[in-house]
There are 2 protein chains.
Amino acid sequence: MSDETEVLAPEAEHEEDAYTLERKAVAAILYAVDINDREKLIELMEPLHPADIADMLEQINAFDRMRLIKLYGREFDGEILTELDESIREEVINLLSPEVLAEAVRELDSDDVVDLIEDLEQTQQDAILEVLEDSDRVAVQQSMTYPEYSAGRLMQREVVMAPEHWNVGEAIDYLRNTDELPDHFYHIVLVDPRLRPVGNVALGKLMAARREVMLSSILEETFHVIPVTRYDGDVAYAFNQYHLISAPVVDESERLVGVITIDDAMSVLDEEHEEDILRLAGVGESSLSDSVFETTKQRFPWLAVNLVTAVMASMVIAQFEVAIAQLVALAVLMPIVASMGGNAGTQALTVAVRALATKDLTGSNVWRVIRREVAVGLVNGLAFAVIMGLVGLFWFGSVQLGYVIASAMVINLVVAGLAGIGIPILMERAGVDPALASGAFVTTVTDVVGFFAFLGLAVLVLL
Amino acid sequence: MSDETEVLAPEAEHEEDAYTLERKAVAAILYAVDINDREKLIELMEPLHPADIADMLEQINAFDRMRLIKLYGREFDGEILTELDESIREEVINLLSPEVLAEAVRELDSDDVVDLIEDLEQTQQDAILEVLEDSDRVAVQQSMTYPEYSAGRLMQREVVMAPEHWNVGEAIDYLRNTDELPDHFYHIVLVDPRLRPVGNVALGKLMAARREVMLSSILEETFHVIPVTRYDGDVAYAFNQYHLISAPVVDESERLVGVITIDDAMSVLDEEHEEDILRLAGVGESSLSDSVFETTKQRFPWLAVNLVTAVMASMVIAQFEVAIAQLVALAVLMPIVASMGGNAGTQALTVAVRALATKDLTGSNVWRVIRREVAVGLVNGLAFAVIMGLVGLFWFGSVQLGYVIASAMVINLVVAGLAGIGIPILMERAGVDPALASGAFVTTVTDVVGFFAFLGLAVLVLL
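Residues numbered from 1 in each chain as written. Chains lettered and ligands numbered in written order. Predicted model: local features only at pLDDT ≥ 70, side-chain atom pairs only at ≥ 80, totals over all residues. Heavy atoms only, no water.

Participant: For this particular structure, what's the right way to read the overall build of chain A?
Facilitator: Counting secondary structure elements, chain A contains 22 helices and 6 strands. Taken against the 2.2 N^0.38 rule, which gives 23 Å for 463 residues, the C-alpha radius of gyration of chain A at 29 Å runs more than 25% over that of a compact globule. Put simply, chain A has 463 residues, and 58% of those count as buried. For chain A, contacts bridging at least 24 residues in sequence account for 66% of all contacts bridging at least 6. For chain A, the accessible surface area stands at approximately 19,400 Å², while carbon and sulfur atoms represent 55% of it. Considering chain A, the positive charge centre built from 30 side chains and the negative charge centre built from 75 side chains are found 4 Å apart. (Helix = DSSP H or I, 4+ residues; strand = E, 2+ residues; numbered from the N terminus. Rg over C-alpha atoms; globule rule 2.2 N^0.38 Å. Buried < 20%, exposed > 50% of the residue type's maximum accessible area, 1.4 Å probe, protein only. Contact = heavy atoms within 4.5 Å. Areas by Shrake-Rupley, 256 points an atom, 1.4 Å probe, with all protein chains shown as cover. Lys, Arg positive; Asp, Glu negative; His and termini not counted. Charge placed at Lys NZ, Arg CZ, Asp CG, Glu CD.)

Following this line, the structure appears as structure tokens:
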């Protein structure tokens, strides 16, 4: 873009509240609940999207939630349940009367019901399965036989398919004469006589082609078949990587059993990201509507791991008690080396975890990336060595103290780069999610090395 | 799911290499380059998706990249360029001969060309604009007048629209008689006489309806119109929140100017996540193919901020030099309190940053969430106070030292919770991305408070 255009172009609007439920709207709804005005409540809620209603239910407190749902009664839409965070889904289901629940659930597609009930307790699951129509119940139960987090749980079972030898006219006539087409579909899946998918025809292409054109001649260029047991995170990756809109799902004998659409893949991608970012910070699966007890329980384990780490670092320091007693400046400066190492290690670690998640870090470039991280550690280490050496010199007036802290800085930043990239790679190879546990290892390494290098060098050089 | 099913269901397959370019395939390709065998190279590359070719180009080194691209020559597909990471896009474009570049770029849709050139230098931009056909060039230049990161840059300008008074038959006839339909479209946008979008008709619904049915009676339930200047991150949020597949884009006078499809929104969502996770770790925009120099430059600023933080914490320690000289155990134990606070603060911070990004943390629940974080800090603080009190007692045989470290732990974990939630909220209110800078503030607070509380209490109680 030319400089001129750059100046003329306005900023993209990042409206804070573009998609946030307005506080005023929530207040009005809660007021209607307060005065027990059912008509007003329905009038206020009617224009809201189920996803926004779910967000609101998550944000208000449990007492308001209960009163709102009781007052809203039969208006309660099944889609709200699927949009609700798992942390309060059970609570909300328990608030619904059996008739309201039955009506709400019957509106849903079978894949949404699966998504809804898979984390519920057995009694709630049974209650919901019971109110479904027989065909739906069978579909849901069959989906539940696929492993959790698999393509089988994600797919919808209603597929629009056509034999590979059909032409456009035959396909269009078939579509126009079929009573029950799925609510949303974007492709016709072409199958061979054994029901194995051979290609996708986009509806737009179908519309534009002449009737006598063979379906097999207007197939999508990119065609991706997904095994029913494939991990849903890998499915989301494929959709993102290859810009898929829908993809057929096949069983072990490669027969078509369902189809996954991009909106489901997008939700999975979003959840995967949430998991990565929270795991990196040492927070388990969490939600803003979790209780204090729940939240404490999620965060305790990581803090406990960190305590062990911190005590190990302290034990390193304890080895140098005599030196510290002789020169208290060591106690003042030692956290700097450890802290810089921890930060540099976390930087390298986060880049590595993200690159592993996006499959950008592979056998082809792993050694080059490791070399780069070590080199970056060295360069940054040297830069901060100079700075800290000068700080040591001017603060404590000792050239030798400056040398010591500078050398320790270089050592720890190189080690930080190596640990930050190496540990997640090793975790991944060992089959452990690198986002889950690498952080503790990396900071243990940088703390121990940081304290040991600084205090050890101090003993050698200064005392 | 019943326990029985749980046992029967196999694990979801998480194949490490499900979508990773196999090392062997890359090796074979590089071998073909080594022996200068163009036919073999084309044979090996032909089945690969442009996204995978781009990944491979990112993973091999610059010398191999150059030789491969030279040998591949005219086969080079324009889509590879759009899939390439920005860090090496310029380099690759410079490697292409003008004819190859021209051919590659002419194949692309105008929104892809925009995406391709917006980060290039002016000379490269001009070179690409020059080879486009006149109509495409005008379209690209017009898109470039919209702000960066806006819906206008993201949208495609080819829209399939129909007047609101048409019926299904008219729409189908129109589609079948139109020569140039976009490659991918999922909805017909219904417009009023002033070209303002009034609804979406899904192609599947159109197919299934009788010819005399009015389009306006089979509109999608969820319909979302996006202003052309809307920030692309907000666009991605709307697609994810409301499960949109495509959405019309309008200018200031609410006239239809383009359409955004979910695959573009998904890419934006993925980029936003990458930004969040890297910013939280203090890494700027980065890529695995960045050089050592680039990478050092990205990471240096955060480490510099951390150095200032660490020096501030050291200055707090320096105030207590006399106490430490009297009781070296203080130097041994003090990093534990600071480190636990830093971790607890990062936990609260990450949850807050994520909740702000997903718009789950709003005016309706902000105070409840703040109260919760403080309570969690208190509970975890008390738990670790007991543990650390005992460690202090048994390690150093001093009950009073145990009291001191326990009290400092409670104080610092409560402060960590408050800082972890409060600082990102304040950043967001001030219009700064909370992922970008909160971390430094939070750890400054927990370091300073941690050292001050522990050493200060020690002076009061022990000396």
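So much for the structure itself; the text now carries on.
Participant: Can you help me understand the UniProt feature "transmembrane region" (unreviewed entry) in chain A in this one?
Facilitator: All names here are of chain A. The UniProt record annotates "transmembrane region" (unreviewed entry) at residues 300–318, 324–353, 374–397, 403–427 and 439–462. Within residues 403–427, the helical portion is 100% and the strand portion 0%, while the C-alpha atoms at the span's ends are 36 Å from each other. What you have in residues 439–462 is 100% helix and 0% strand, and the ends, taken at the C-alpha atoms, are 33 Å apart. (UniProt positions renumbered as here; feature names shortened; annotations may be inferred.)

Participant: Even after reading the chapter, I still don't get the pattern of salt bridges, so can you show me in this structure?
Facilitator: A side chain of one charge can pair with a side chain of the opposite charge if their charged atoms are brought near each other. Residues and elements named next belong to chain A. According to the stated counting rule, one finds 34 salt bridges over all chains in the structure shown. The salt bridge partner of Arg-65 is Glu-91, with a shortest N-O separation of 2.8 Å. Residue Arg-65 is located in helix α5 (residues 62–72), and its partner Glu-91 is located in helix α7 (residues 86–95); the two are separated by 26 residues in the primary sequence. Judged by relative accessible area, which is 28%, Glu-91 ranks as partly exposed. (Salt bridge = Lys/Arg side-chain N within 4 Å of Asp/Glu carboxyl O.)

Participant: Which parts of the structure should I look at to understand the sheet that holds strand β5 (residues 246–250) of chain A?
Facilitator: Residues and elements named next belong to chain A. Taken in spatial order, the 3 strands line up as β4-β5-β6 in an open sheet, and their pairing is mixed. Among the strands making up the open sheet, the edge pair consists of β4 (226–227) and β6 (256–261). The pairing of β5 with β6 spans 5 bridges and is antiparallel. Residue pairing in the sheet places Val-249 in a bridge with Gly-258 of β6. (Pairing = 2+ DSSP bridges.)

Participant: Before we go on, may I ask you to explain the interface of chain A and chain B in this structure?
Facilitator: By a widely used convention, the size of an interface equals the accessible area lost when the partners come together. At the junction of the two partners, chain A supplies 157 residues and chain B supplies 157 residues. Between chain A and chain B lies a buried interface of about 13,600 Å² when both sides are counted; carbon and sulfur atoms form 60% of it. At the boundary of chain A and chain B, one finds 6 salt bridges. Residues Glu274(B) and Arg354(A) are paired through a salt bridge, measuring 2.5 Å at the closest nitrogen-oxygen approach. Counting every contact that joins chain A to chain B gives 54 residue pairs in polar contact (both at pLDDT 80 or more). By residue number, the principal contributor to the side of chain A that touches chain B is helix α19 (residues 329–357) of chain A, which donates 17 residues. Classifying every residue of the side of chain A that touches chain B gives 82 nonpolar, 40 polar and 35 charged. (Buried area = accessible area lost by both parts, 1.4 Å probe. Polar contact = N/O pair within 3.5 Å; in protein donor to acceptor, adjacent residues only side chain to side chain. Nonpolar A, V, L, I, M, F, W, Y, C, P; charged D, E, K, R; others polar.)

Participant: How do you make sense of helix α22 (residues 434–462) of chain A when you look at a structure like this?
Facilitator: Counting along an α-helix, one turn takes 3.6 residues, and residues three or four places apart therefore face a common direction. Taking 1.5 Å as the rise per residue, α22(A) with 29 residues should run 42 Å; its terminal C-alpha atoms sit 40 Å apart, in good agreement. Among the residues of α22(A), the N-terminal cap falls to Asp433(A), whose side-chain oxygen and the backbone nitrogen of Ala435(A) are separated by 2.8 Å. (Expected span 1.5 Å × (residues − 1).)

Participant: What exactly am I supposed to notice about the domain arrangement of chain A here?
Facilitator: All names here are of chain A. With domains assigned, chain A is organised as domain 1 (19–145), domain 2 (161–280) and domain 3 (292–462). Once you take the C-alpha centre of each, domain 2 and domain 3 turn out to be 48 Å apart. Of the residues lining the interface, 6 residues belong to domain 2; the matching set on domain 3 comes to 10 residues. On the domain 2 side of the contact with domain 3, Tyr-237, Arg-279 and Leu-280 bury the most area, a combined 72% of that side's loss. Joining domain 2 to domain 3, the criterion identifies 2 salt bridges. Across the pair Lys-359 and Asp-234 runs a salt bridge, and its minimum N-O distance is 3.2 Å. On inspection of domain 2 and its partner domain 3, the count reaches 2 residue pairs in polar contact (both at pLDDT 80 or more). (Domains from an automatic or database assignment.)

Participant: Sorry, what's going on with the relation of the copies chain A and chain B here?
Facilitator: Related by rotation about an axis and a shift along that axis, the two copies of the chain form a pair. Of the two same-sequence chains, chain A is brought onto chain B (RMSD 0.1 Å, axial shift 0.0 Å) by a rotation of 180 degrees. Classification of the inter-copy transformation places it as that of a two-fold axis. Interface overlap between copies: 100% of the residues of chain A at the interface are likewise at the interface in chain B, consistent with a symmetric, same-surface contact. (Least-squares fit on C-alpha atoms with pLDDT ≥ 70 in both.)

Participant: Would you explain the UniProt feature "domain: CBS" (unreviewed entry) in chain A in this entry?
Facilitator: Per the UniProt record, "domain: CBS" (unreviewed entry) is annotated on residues 214–275 of chain A. Between the end C-alpha atoms of residues 214–275 of chain A the distance is 45 Å, and the span holds 40% helix and 21% strand.

Participant: Honestly, the nonpolar core in this entry has me stumped. Any pointers?
Facilitator: Burial of nonpolar side chains together is a common tendency in soluble globular proteins. Counting 77 residues, the largest nonpolar core has Ile324(A), Phe454(A), Ile324(B) and Phe454(B) as its most contacted members. Sequence-distant contacts of Phe454(A), that is, excluding residues within four places in its chain, are made with Leu330(A), Leu333(A), Met334(A), Val337(A), Leu401(A), Val404(A), Ile405(A) and Ala408(A). In terms of nonpolar packing, the next biggest core, distinct from the first, is built from 47 residues, Ala352(A), Ala435(A), Ala281(B) and Val442(B) among them. (Core = buried A, V, L, I, M, F, W, Y, C linked by side-chain atoms within 4.5 Å.)

Participant: Explain empty space enclosed by the protein to me, please; I cannot follow it from the model alone.
Facilitator: If a probe the size of a water molecule is rolled over the atoms, the empty space left behind becomes visible. Applying the stated criterion across every chain, the model contains 10 cavities of 30 Å³ or more. Empty space within the largest cavity amounts to approximately 1,100 Å³. What lines the largest cavity is a set of 47 residues, and nearest its centre among them are Asn343(A), Thr346(A), Thr443(A), Thr346(B) and Thr443(B). Contributions of two or more residues to the lining of the largest cavity are made by α16 (262–280), α17 (292–318), α19 and α22 of chain A together with α16 (262–280), α17 (292–318), α19 (329–357) and α22 (434–462) of chain B. Per-element accounting of the lining of the largest cavity gives the leading share, 10 residues, to α19(A). Split by residue class, the lining of the largest cavity holds 26 nonpolar, 19 polar and 2 charged. (1 Å grid on protein atoms, 1.4 Å probe; cavity = no way out; pocket = protein on both sides within 12 Å on 5 of 7 lines; lining within 4 Å. Points joined across faces, edges and corners; volume = space filled by probe spheres on them.)

Participant: Whenever I open this one, a negative patch on the surface confuses me. Can you help?
Facilitator: Residues Glu79(A), Glu107(A), Asp109(A), Glu158(A), Asp179(A), Glu180(A), Asp183(A) and Glu221(B) make up a contiguous surface patch of negative charge. Tracing the chain through its elements places Glu79(A) in helix α6 (residues 78–83). According to the relative accessible area criterion, Glu79(A) is partly exposed, its value standing at 31%. (Patch = residues over 30% accessible without salt bridge, like charges linked within 9 Å, V, L, I, M, F, W, Y side chains within 5 Å.)

Participant: I keep staring at unusual backbone geometry and nothing clicks. Help me out?
Facilitator: A negative phi angle is the norm for most residues apart from glycine, just as the trans form is the norm for most peptide bonds. All names here are of chain B. For His-243, which is not glycine, the phi dihedral falls at a positive 55 degrees. Inspection of the secondary structure assignment puts His-243 in the loop between α15 (232–242) and β5 (246–250). Of note in the backbone geometry, Lys-359 takes a positive phi value of approximately 55 degrees without being a glycine. Relative to the elements of secondary structure, Lys-359 occurs in the loop between α19 and α20 (366–396).

Participant: Looking at this structure, how should I read the side chain of Gln347(B)?
Facilitator: Mapped onto the secondary structure, Gln347(B) falls in helix α19. Relative accessible area serves as the criterion here: at 1%, Gln347(B) is assigned to the buried category. Apart from residues lying up to four places away in sequence, Gln347(B) is in contact with Ala281(A), Gly282(A), Val283(A), Arg299(A), Trp302(A) and Leu303(A).

Participant: Explain the packing of helix α15 (residues 232–242) of chain A against α16(A) to me, please; I cannot follow it from the model alone.
Facilitator: Think of two packed helices as two axes; the pair is described by the angle between the axes and how far apart they sit. All names here are of chain A. Close contact between α15 and α16 brings their axes to 8 Å; oriented N to C, the two are set at 115 degrees. Relative to α16, α15 is oriented roughly perpendicular. Judged by the twist between their axes, the crossing of α15 over α16 is left-handed. Residues Asp-232, Gly-233, Ala-236, Phe-239 and Asn-240 of α15 touch α16, and the partners they reach there are Ile-262, Ala-265, Val-268, Leu-269 and Glu-272. The class makeup of the residues in the contact of α15 with α16 is 6 nonpolar, 2 polar and 2 charged. (Axes fitted to C-alpha atoms, helices over the stretch in contact; angles between N-to-C directions. Parallel < 35°, antiparallel > 145°, perpendicular 65-115°, else oblique. Left-handed = near helix turned anticlockwise from the far one by under 90°.)

Participant: Is there a simple way to think about the packing of aromatic side chains in this case?
Facilitator: To describe a pair of aromatic rings, you give the distance between the ring centres and the angle between the ring planes. Tallied over the full model, the rule gives 9 aromatic pairs over all chains. Relative to Phe452(A), the ring of Phe320(A) lies with its centre 6.0 Å away and its plane at 70 degrees, an arrangement referred to as edge-to-face. Here the residue Phe320(A) occupies a position in the loop between α17 and α18 (321–326), and Phe452(A) occupies one in helix α22, the gap between them amounting to 132 residues. Under the relative-accessibility criterion, Phe320(A) is labelled buried at 10%. Relative accessible area serves as the criterion here: at 52%, Phe452(A) is assigned to the exposed category. Measuring from ring centre to ring centre gives 4.7 Å for Phe384(A) and Phe300(B), while their planes differ by 20 degrees; the resulting arrangement is stacked. Taken together, the residues span two chains, with Phe384(A) in helix α20 (residues 366–396) and Phe300(B) in helix α17. Seen from the ring of Tyr237(A), Lys359(A) lies directly overhead, with NZ or CZ sitting 5.0 Å from the centre. (Phe/Tyr/Trp six-rings, centres within 6.5 Å; stacked < 30°, edge-to-face > 60°. Lys NZ or Arg CZ within 6 Å of the ring centre and 35° of its normal.)

Participant: What is the right way to read the sheet that holds strand β2 (residues 187–191) of chain A from this model?
Facilitator: Pairing between sheet strands relies on hydrogen bonds along the backbone, with the strands arranged either parallel or antiparallel. Residues and elements named next belong to chain A. Here 3 strands make up an open sheet; going across it, the order is β1-β2-β3 and the pairing mixed. If you trace the sheet from one side to the other, it starts and ends with β1 (161–163) and β3 (197–202), each paired once. Recorded for the sheet is a direction-independent mean angle of 30 degrees between the axes of neighbouring strands. Pairing between β2 and β3: 5 bridges, direction antiparallel. Within β3, the residue paired with Ile-188 across the bridge is Val-201.

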